[in-house]
Amino acid sequence: GEDVEQSLFLSVREGDSSVINCTYTDSSSTYLYWYKQEPGAGLQLLTYIFSNMDMKQDQRLTVLLNKKDKHLSLRIADTQTGDSAIYFCAEGEGSQGNLIFGKGTKLSVKP
Amino acid sequence: DGGITQSPKYLFRKEGQNVTLSCEQNLNHDAMYWYRQDPGQGLRLIYYSQIVNDFQKGDIAEGYSVSREKKESFPLTVTSAQKNPTAFYLCASSIAGISYEQYFGPGTRLTVT
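Summarised in this report is the structure supplied together with it. (Residues numbered from 1 in each chain as written. Chains lettered and ligands numbered in written order. Predicted model: local features only at pLDDT ≥ 70, side-chain atom pairs only at ≥ 80, totals over all residues. Heavy atoms only, no water.)

### Things to note about the nonpolar core
Applicable threshold: The criterion is simple. A nonpolar core is a set of buried Ala, Val, Leu, Ile, Met, Phe, Trp, Tyr and Cys residues joined through side-chain atoms within 4.5 Å. Only protein chains enter the calculation, and the probe is 1.4 Å; a residue is then buried if its accessible area is under 20% of its type maximum, exposed if over 50%, and partly exposed in between. A run of DSSP states H or I qualifies as a helix once it reaches four residues; a run of E qualifies as a strand once it reaches two. Both are numbered from the N-terminal end.
In this structure, W34(B), I46(B), L76(B), V78(B) and Y89(B) are the most contacted members of the largest nonpolar core, which totals 21 residues. Elements with a minimum of two residues in this core: β3 (19–25), β4 (31–38), β5 (42–51), β7 (64–66), β8 (76–78), β9 (87–94) and β11 (108–112) of chain B. By size, the runner-up hydrophobic cluster in this structure holds 20 residues, among which are V63(A), L72(A), I100(A) and L107(A).

In structure tokens form, the structure reads like this:
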């Protein structure tokens, strides 16, 4: 079945760039998503990318998609302490509109 | 303001009791979802509904039940048959279709002792 893999932890220093990686298995995914979850809260949609795109930039966020390798990454420029959270990668399952989520990457930003 | 509300934020129950978690949205979305989140497990889909009066089981539906009598409401009942009900429950909604982005509520943390 479909699967989405992410590393569980990432630690960076304030002001550095963070790169969170994700691999997925469903080659028919049309959309791929990045969500952010702060402690005790719901998920917030950060950005998404269509499968026919290689890159999408939105202010400090850059999403790169390598469809051949089924690899997705989220780069956060000038990482701030407020960026500390869990980041989830998700792929669209297809006809039902369901999303398959990775286990999440916990980003810790040290001052 | 449009959004999704879940209530209550924290819920405590004794083992053997059924409990219903509320989820309401005013985004005019057709599709609604329930997920369960455990530490280090990511999100697992419990039930989803693409349209009123219709719903489907997700990956971990055993011990749960839902109803979808109104477009804006999708309550989840955690029954006594659910073996490990203590978890963080998240409700989401989306425009029905192919992989439209889902919008999440703030979640309900259920503790069963």
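Moving on from the model shown.
### Details of the layout of surface pockets
Where we set the bar: Whether a set of points on the 1 Å grid over the protein atoms alone is a cavity depends on a 1.4 Å probe fitting there but being unable to get out, while an open set qualifies as a pocket with protein on both sides within 12 Å along at least five of seven lines; lining residues are those with an atom within 4 Å of a point. Grid points are joined across faces, edges and corners, and a volume is the space filled by probe spheres set on the points. Under this grouping Gly is polar, as are all residues other than the nonpolar Ala, Val, Leu, Ile, Met, Phe, Trp, Tyr, Cys and Pro and the charged Asp, Glu, Lys and Arg.
Approximately 510 Å³ is the volume attributed to the largest pocket. Along its surface, the largest pocket is lined by 27 residues, and Q37(A), I86(A), Q37(B), P39(B) and G40(B) are the ones closest to its centre. Elements represented by at least two residues in the lining of the largest pocket include exactly β9 (85–92) and β11 (105–110) of chain A together with β4 and β9 of chain B. For the lining of the largest pocket, the element with the most residues is β11(A), which contributes 4 residues. The residue inventory of the lining of the largest pocket, partitioned by class, reads 11 nonpolar, 11 polar and 5 charged. Its volume calculated, the second largest pocket comes out at about 360 Å³. Around the second largest pocket, the lining is made up of 20 residues, and of these D3(A), I100(A), F101(A), L43(B) and D59(B) lie nearest the centre. For the lining of the second largest pocket, the secondary structure elements donating two or more residues are β1 (4–6) and β10 (99–101) of chain A together with β5 of chain B. Here the lining of the second largest pocket gets 5 residues from one element, more than from any other, and that element is β5(B). A class-by-class count of the residues in the lining of the second largest pocket yields 8 nonpolar, 5 polar and 7 charged.

### Thoughts on the packing of aromatic side chains
Aromatic ring pairs are defined here through the distance separating the ring centres and the angle between the ring planes. Heads up, the rule is: What counts as a ring pair is set by centres within 6.5 Å for rings of Phe, Tyr and Trp (its six-membered ring), and what kind of pair is set by the plane angle: stacked under 30 degrees, edge-to-face over 60, tilted for all other angles.
By the definition in use, this model includes 16 aromatic pairs over all chains. For the pair Y35(A) and F101(A), a centre-to-centre distance of 5.7 Å together with 55° between the ring planes defines the contact as tilted. With a gap of 66 residues between them, Y35(A) in strand β4 (residues 31–37) and F101(A) in strand β10 connect regions that are remote in the sequence. Seen in terms of ring centroids, Y35(B) and F104(B) are 5.7 Å apart; in terms of plane orientation they differ by 35°. Their pairing is tilted. On the criterion of sequence distance, the pair formed by Y35(B) in strand β4 and F104(B) in strand β10 (residues 103–104) is long-range, its members being 69 residues apart.

### Here we look at unusual backbone geometry
Backbone torsion omega between S7(B) and P8(B) reads -10°, so that peptide bond is classified as cis. Assignment of secondary structure puts P8(B) in the loop between β1 (4–7) and β2 (10–13). At K70(A), a residue that is not glycine, the phi angle is positive and equals roughly 55°. Looking at where K70(A) falls in the secondary structure, it is placed in the loop between β7 (61–66) and β8 (71–76). The phi dihedral of N28(B) is positive, around 60°, even though this residue is not glycine. Inspection of the secondary structure puts N28(B) in the loop between β3 and β4.

### Some points on the interface of chain B and chain A
What counts is decided by this rule: Whether two residues are in contact is decided by their heavy atoms, any of which lying within 4.5 Å being enough. What makes a salt bridge here is a side-chain nitrogen of Lys or Arg within 4 Å of a carboxyl oxygen of Asp or Glu, nothing more. Under the rule applied, a polar contact is a pair of N or O atoms within 3.5 Å (in protein, one hydrogen donor and one hydrogen acceptor; residues adjacent in sequence only if both atoms are side-chain atoms).
If you look at the interface, chain B gives 23 residues, while chain A gives 23 residues. At the boundary of chain B and chain A, one finds 0 salt bridges. For the interface between chain B and chain A, the tally reads 5 residue pairs in polar contact (both at pLDDT 80 or more). For the side of chain B that touches chain A, the elements supplying multiple residues, two or more each, are β4, β5, β9 and β10 of chain B. Looking at the side of chain B that touches chain A element by element, the count peaks at 5 residues for β5(B). Tallied by class, residues from the side of chain B that touches chain A come to 12 nonpolar, 9 polar and 2 charged.

### Side note on the pairing of β3(B)
All names here are of chain B. Keep this limit in mind: The rule for pairing is simple: two strands pair if DSSP sees at least two bridges between them.
Side chains V19, L21, C23 and Q25 project from β3 onto a buried face, and the interleaved T20, S22 and E24 project onto a face without burial. Sheet topology places β1 next to β3; 4 bridges connect them, and they run antiparallel. Within β3, the position partnered with I4 by the bridge is Q25. Pairing between β3 and β8: 3 bridges, direction antiparallel. When the sheet's bridge partners are listed, T20 is paired in β8 with T77.

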